[in-house]
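Each chain is listed here by its residues.
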Amino acid sequence: MINGKTKLFAIIGNPVSHSLSPAMHNAAFAELGMNCAYVPITATNIKETVAGLRHLGFGGASVTVPFKEEVIPWIEDVDPKAVTIGAVNTLVFDHESQGVPARCRGYNTDWIGSNRALYQAIDLHGATALVLGAGGAAKAVAYGLVHSGTVVTLANRTMEKAVTLASELQCAAISFDQLPTHSADILINTTTVGMSPHSDRSPIPAELLPHFRVVMDIVYAPLETRLLREAKSSGCKVIDGLDMLLYQGAEQFSLWTGTEAPVTVMRKALERALDIH
Ligand code: ATR
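Residues numbered from 1 in each chain as written. Predicted model: local features only at pLDDT ≥ 70, side-chain atom pairs only at ≥ 80, totals over all residues. Heavy atoms only, no water.

Undergrad: Lay out the overall build of the protein in plain terms, naming residues and giving numbers.
TA: A count of helical and extended segments in the protein gives nine helices and 12 strands. Since a compact globule built from 277 residues should have a radius of gyration of about 19 Å, the 19 Å found for the protein is in line with a globular shape. When the backbone C-alpha atoms are referred to their principal axes, the protein occupies close to 60 × 35 × 35 Å. Here the protein, with 277 residues, has 50% of them falling under the buried criterion. Carbon and sulfur atoms provide 52% of the accessible area of the protein, an area that totals close to 12900 Å². (Helix = DSSP H or I, 4+ residues; strand = E, 2+ residues; numbered from the N terminus. Rg over C-alpha atoms; globule rule 2.2 N^0.38 Å. Buried < 20%, exposed > 50% of the residue type's maximum accessible area, 1.4 Å probe, protein only. Areas by Shrake-Rupley, 256 points an atom, 1.4 Å probe, with all protein chains shown as cover.)

Structure follows, in structure tokens:
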């Protein structure tokens with residue numbers, strides 16, 4: 001029930017119409033009986049959008065593609081970890097007094113989401129991980145792993161990008177040709193390979209999957225990617241892409257409300273939204 005006291009939250013990006021985040025956050029607000037609502041906003045100009053939210057009294061926002069980097073100059077206080085990752089996916093607005101525009105804090109919860117998803121299956125400290133990809137998602141995932149004391153190696157189709165990211169994060173890089181001789185506790189796919197409508201593809205040959213104990217895919221459409229299906233057949237523990245989405249959202253929820261997020265309800269809402277999607 002929306003009324004005069006409802007606190008608003010948003011996801012800002014372009015496009016956002018297919019986002020699963022409204023289902024997840026609104027389910028959490030309803031579960032805890034909070035008078036809050038979360039809406040999708042298609043943004044065209046990130047500076048004006050942030051100004052609009054701060055003047056309209058929004059409590060916070062998720063930031064998604066293509067604005068995670070572009071939003072940074074328009075935030076007063078950016079968390080140092082988000083500065084290192086070079087991307088902000090969460091805004092928190094502090095309304096100190098009525099009629100005064102809010103101050104804005106920026107965070108990155110993607111790396112926390114990835115770590116929390118992995119912690120369901122394995123202790124990260126001292127583990128080894130191979131991360132496939134070298135884009136924005138790879139950077140957040142690899143940052144989280146390095147931060148937790150995991151020994152990380154990156155592999156990417158375009159090797160130079162893996163080498164550049166590895167030098168930024170002080171980890172190792174290998175070429176795709178070296179994959180057959182590499183093994184690690186954890187394998188994470190951060191590339192788009194296997195995403196619908198190309199769900200018949202996998203980023204790594206099935207015969208290499210016994211080289212890993214835990215396999216996580218950040219692709220969630222389909223929920224069981226070919227990579228995860230083959231990893232399961234090879235005896236690996238698997239973590240699907242909804243878990244990273246869930247746990248980065250759970251961290252956002254805590255930043256906005258100061259309350260622990262109801263993750264079971266949020267996960268169910270994501271699964272339902274994915275079915276309709
Ligand atoms: P994001 O910010 O979501 O990580 P991105 O920056 O576009 O997205 O990165 C996409 C990643 O998927 C890259 O690592 C890309 O590899 P390249 O750097 O070589 O382009 C990887 N990727 C996309 N399509 C691929 C394919 N068909 N085979 C292998 N890697 C692929």
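Undergrad: How would you sum up the sheet that holds strand S2 (residues 36–42)? Please name residues and give values.
TA: Spatially, S2-S1-S3-S5-S6-S4 is the arrangement adopted by the six strands of the open sheet, whose pairing is mixed. The open sheet has two edge strands with one neighbour each: S2 and strand S4 (77–78). Summarising the sheet, strand S1 (residues 7–13) and strand S3 (residues 60–63) pair through four bridges and their orientation is parallel. Its bridge partner lying in S3, Ala10 is registered against Ala61. (Pairing = 2+ DSSP bridges.)

Undergrad: An account of the site of the ligand is requested, with residue identities and associated values reported.
TA: Taken together, the residues surrounding the ligand are Gly133, Ala134, Gly135, Gly136, Ala137, Asn156, Arg157, Thr158, Lys161, Thr191, Thr192 and Val193. Gly136 has a polar backbone atom sitting 3.1 Å from an oxygen atom of the ligand. A distance of 2.8 Å is found between an oxygen atom of the ligand and a side-chain nitrogen or oxygen belonging to Lys161. When its residues are assigned to classes, the shell around the ligand shows three nonpolar, seven polar and two charged. (Near = heavy atom within 4 Å. Polar contact = N/O pair within 3.5 Å; in protein donor to acceptor, adjacent residues only side chain to side chain. Nonpolar A, V, L, I, M, F, W, Y, C, P; charged D, E, K, R; others polar.)

Undergrad: Residues and numbers for the nonpolar core, please.
TA: The biggest cluster of nonpolar side chains holds 55 residues, and the ones touching the most others in it are Leu118, Val131, Leu145, Leu154, Ile186 and Ile188. No other element matches helix H8 (residues 241–257), which puts eight residues into this core. Counting 18 residues, the second largest nonpolar core, distinct from the first, contains Ala43, Ala61, Ile75 and Ala82. (Core = buried A, V, L, I, M, F, W, Y, C linked by side-chain atoms within 4.5 Å.)

Undergrad: Could you give an account of the pairing of strand S6 (residues 103–107), naming the residues involved and the relevant values?
TA: In terms of strand pairing, S4 meets S6 through two bridges, oriented parallel. Considered in S6, the bridge of Asp77 is made with Arg105. By the bridge criterion, five bridges tie strand S5 (residues 90–94) to S6 in an arrangement that is antiparallel. Along S6, the bridge assignment pairs Thr90 with Tyr107.

Undergrad: Requested: an account of the pattern of salt bridges, with residues and values cited.
TA: If you walk through the whole model with that rule in mind, you get 11 salt bridges. Taking the shortest distance from any N to any O, the salt bridge between Glu76 and Arg54 comes out at 3.0 Å. Residue Glu76 is found in the loop between S3 and S4, and its partner Arg54 is found in helix H2 (residues 46–56); the two are separated by 22 residues along the sequence. Classification of Glu76 as partly exposed rests on a relative accessible area of 38%. Owing to a relative accessible area of 13%, Arg54 belongs among the buried residues under this scheme. With a closest N to O distance of 2.7 Å, Arg267 and Glu271 form a salt bridge. Here Arg267 and its partner Glu271 are both found in helix H9 (residues 263–276), four residues apart, which amounts to about one turn of the helix. (Salt bridge = Lys/Arg side-chain N within 4 Å of Asp/Glu carboxyl O.)

Undergrad: Describe the pairing of S5, and please don't skip the residues or the numbers.
TA: Consecutive residues of a regular strand have side chains that alternate between opposite faces of the sheet. The element S5 is extensively covered by neighbouring structure, given that four of its five residues are classed as buried. Bridge analysis of S3 against S5 gives three bridges, and the strand direction is antiparallel. Note that in S5 the partner of Gly60 across the bridge is Val92.

Undergrad: Describe the packing of aromatic side chains, and please don't skip the residues or the numbers.
TA: According to the stated counting rule, one finds five aromatic pairs in the structure shown. Ring geometry for Trp111 versus Tyr143: centroids 5.4 Å apart, planes at 85°, classification edge-to-face. Of this pair, Trp111 sits in helix H4 (residues 110–119) while Tyr143 is found in helix H5 (residues 136–147), placing the two residues 32 residues apart along the sequence. The residues Trp111 and Tyr143 share a single accessibility class, namely buried. Here the aromatic cluster, defined as three or more aromatic residues joined through ring pairs, consists of Phe9, Phe29, Tyr38, Phe253 and Trp256. (Phe/Tyr/Trp six-rings, centres within 6.5 Å; stacked < 30°, edge-to-face > 60°.)

Undergrad: Describe the sheet that holds strand S10 (residues 186–189), with residues and values.
TA: If you trace the six strands from one edge of the open sheet to the other, you get S9-S8-S7-S10-S11-S12, paired in parallel fashion. The open sheet has two edge strands with one neighbour each: strand S9 (172–174) and strand S12 (237–239). Across the sheet, the mean angle separating the axes of adjacent strands is 20° when strand polarity is ignored. Taken together, the four bridges between strand S7 (residues 128–132) and S10 define a ladder with parallel strand orientation. (Axes fitted to C-alpha atoms, helices over the stretch in contact; angles between N-to-C directions.)

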